[in-house]
Amino acid sequence: MSEASLPPMRQPEQDGRLGDLTRGALAAAVAVARELGLDVGQPRVLANDQNLLVHLSPSPVVARVATRIAWSRPDPAAWLAREVAVASHAAANGGSVVPPTSQADPGPHTRDGYAMTLWTYVEADDQLASESEVGKALGQLHLSLRDFPRSALPDRLPVHAQIESGLAALTRDRVVDAGTLERLAAMHGQVSRELAAVRGTDGVIHGDAHPWNLLHTHAGWRWIDMEETGFGAQEFDLAVLASKVDDPQAALASYASTVGRAVVRRETLAPFQRIRELETVVWGLGMAVTDPTFRDTAEDRLMRLLEQPP
């Protein structure tokens, strides 16, 4: 489908323009959907950040297309495949997730170099979950995944692959000087050794569990954006959550009550929060390559990270 033949669409408010990457992803999503027999009359962009999210209206289906995030991932389809598998399992077990679509094969599909998956479209408002609500929803998610086959996921936290792939891409395209890259790699090695000494609770994790990835729908709270799912210490999810809410203790207490465990100690979460910050810095530097609006924030976070004492 050529650019000129794309159906009319509403551009997302956070991005008033459509670059070549976005147009290509949109055209690929529409083509895949139509090949699968879905009715696509007026696709509507819902979000355009590291992935492109498109409501394939009037079908109740959302296409999730790896765009900017694919720059640093050698195999973006593998991440999307894990997300579909885990979300499908959680939904079947009553987990609080937006499920993959049942209207067609959810994928992953690949078209014109773009990897994508297809999800159920749900109406959601702008309400943000409270600490108690998000802690409970995360506990319910973890419980729904207790019997997910461990062998179907990499046997380590996905944050490590995120950092390693990101650093490799930054090196490949000479985005950051060699000295800085060496320091970031050394930080990864140091915090990895710290994490190896932590006695955590192994299980399936969301990978990016914070209130902005929890939608308020008519059916209740539903998790989205699970492409960083994996197997490892579930304290990683708690560390991400605690760093993103105003009252971390309330969120951790709600989670503990839901899963029937003791409230995790904040000092236990510290190394998980350190590796998360390193991941965020590496991710931001990569995003800035394809979206200059990320550059100032990415460079500021990098400087603050490098200024921290070892």
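You'll find the structure just up there.
Everything in this summary refers to the structure shown in the same document. The structure displayed is predicted, hence computed values, not measured ones.

## Some points on the overall build of the protein
Reasoning step 1: Within the protein, the regular secondary structure consists of 9 helices and 10 strands.
Reasoning step 2: If one aligns the C-alpha atoms of the protein with their principal axes, the spans along those axes are about 55 × 45 × 35 Å.
Reasoning step 3: Looking at the protein residue by residue over its 310 residues, the buried ones come to 53%.
Reasoning step 4: Excluding contacts between residues fewer than 6 apart, the proportion of contacts in the protein whose partners are at least 24 apart in sequence is 69%.
Reasoning step 5: Accessible surface, the protein as shown: approximately 14100 Å² in total, 49% of it carbon and sulfur.

## Describing the sheet that holds strand β3 (residues 61–66)
Reasoning step 1: Across the sheet, which stays open at both edges, the 5 strands sit in the order β1-β2-β3-β5-β4 with antiparallel pairing between neighbours. Either end of the sheet is taken by a strand with one partner, and the two such strands are β1 (44–48) and β4 (109–111). Strand after strand, the sheet turns through a mean of 30° between neighbouring axes, direction not considered.
Reasoning step 2: Sitting on the sheet, helix α1 (residues 20–35) is in contact with β1, β2 (51–55), β3, β4 and β5 (114–120), with an inclination near 60° to β5.
Reasoning step 3: Helix-sheet contacts for helix α2 (residues 76–92) involve β3 and β5, and the interaxial angle to β5 is about 15°.

## Regarding the pattern of salt bridges
Reasoning step 1: In total, this model carries 16 salt bridges according to the counting rule given.
Reasoning step 2: We note a salt bridge from Arg-68 to Asp-291, for which the minimum N-O separation is 3.8 Å. Here the residue Arg-68 occupies a position in the loop between β3 and α2, and Asp-291 occupies one in the loop between α8 (266–290) and α9 (295–307), the gap between them amounting to 223 residues. With respect to class, Arg-68 is no different from Asp-291; both count as buried.
Reasoning step 3: Measuring nitrogen to oxygen at the nearest pair gives 3.6 Å for the salt bridge that ties Glu-267 to Arg-265. The pair formed by Glu-267 and Arg-265 is uniform in burial state, with each residue classed as exposed.

## Focus on unusual backbone geometry
Reasoning step 1: Put simply, Ser-57 and Pro-58 share a cis peptide bond, and its omega is 10°.
Reasoning step 2: Looking at the element boundaries, Pro-58 is found in the loop between β2 and β3.
Reasoning step 3: Cis geometry is found at the peptide bond from Gly-107 to Pro-108, where omega equals 15°.
Reasoning step 4: Within the fold, Pro-108 resides in the loop between α2 and β4.
Reasoning step 5: Of note, Arg-174 is a non-glycine position whose phi angle comes to about 50°, a positive value.

## Describing empty space enclosed by the protein
Reasoning step 1: In the structure shown here, the tally under the stated rule is 2 cavities of 30 Å³ or more.
Reasoning step 2: Every residue lining the largest cavity is listed: Arg-68, Ile-69, Trp-71, Ser-72, Gln-162, Ile-163, Gly-166, Glu-279, Val-282, Trp-283, Gly-286 and Met-287.
Reasoning step 3: Elements supplying a minimum of two residues to the lining of the largest cavity: α4 (158–172) and α8.
Reasoning step 4: Top contributing element to the lining of the largest cavity by residue count: α8, with 5 residues.
Reasoning step 5: A breakdown of the residues in the lining of the largest cavity according to their chemical character gives 6 nonpolar, 4 polar and 2 charged.
Reasoning step 6: If you add up the space inside the second largest cavity, you get close to 40 Å³.
Reasoning step 7: Around the second largest cavity sit Pro-158, Val-159, Gln-162, Ile-205, Gly-207, Glu-228, Phe-236 and Glu-279, which together line it.
Reasoning step 8: Ranked by residue count, the leading element in the lining of the second largest cavity is α4, at 3 residues.
Reasoning step 9: Looking at the lining of the second largest cavity residue by residue, the classes come out as 4 nonpolar, 2 polar and 2 charged.

## Topic: the packing of aromatic side chains
Reasoning step 1: Under the defined criterion, the tally for this structure stands at 1 aromatic pair.
Reasoning step 2: Arranged with centres 5.6 Å apart and planes meeting at 90°, the rings of Trp-283 and Phe-294 form a pair that is edge-to-face. Taken together, the positions of Trp-283 in helix α8 and Phe-294 in the loop between α8 and α9 put the pair 11 residues apart, joining distant regions of the chain.
Reasoning step 3: Phe-294 gets classed as buried once you look at its relative accessible area, which sits at 18%.
Reasoning step 4: Here Arg-73 stacks its cationic end above the ring of Trp-79, 4.0 Å away from the centre of that ring.
Reasoning step 5: Taking NZ or CZ as reference, Arg-172 lies 5.2 Å from the ring centre of Trp-71, over its face.

Scoring rules and cut-offs
- Residues numbered from 1 in each chain as written.
- Predicted model: local features only at pLDDT ≥ 70, side-chain atom pairs only at ≥ 80, totals over all residues.
- Heavy atoms only, no water.
- Helix = DSSP H or I, 4+ residues; strand = E, 2+ residues; numbered from the N terminus.
- Buried < 20%, exposed > 50% of the residue type's maximum accessible area, 1.4 Å probe, protein only.
- Contact = heavy atoms within 4.5 Å.
- Areas by Shrake-Rupley, 256 points an atom, 1.4 Å probe, with all protein chains shown as cover.
- Pairing = 2+ DSSP bridges.
- Axes fitted to C-alpha atoms, helices over the stretch in contact; angles between N-to-C directions.
- Salt bridge = Lys/Arg side-chain N within 4 Å of Asp/Glu carboxyl O.
- 1 Å grid on protein atoms, 1.4 Å probe; cavity = no way out; pocket = protein on both sides within 12 Å on 5 of 7 lines; lining within 4 Å.
- Points joined across faces, edges and corners; volume = space filled by probe spheres on them.
- Nonpolar A, V, L, I, M, F, W, Y, C, P; charged D, E, K, R; others polar.
- Phe/Tyr/Trp six-rings, centres within 6.5 Å; stacked < 30°, edge-to-face > 60°.
- Lys NZ or Arg CZ within 6 Å of the ring centre and 35° of its normal.

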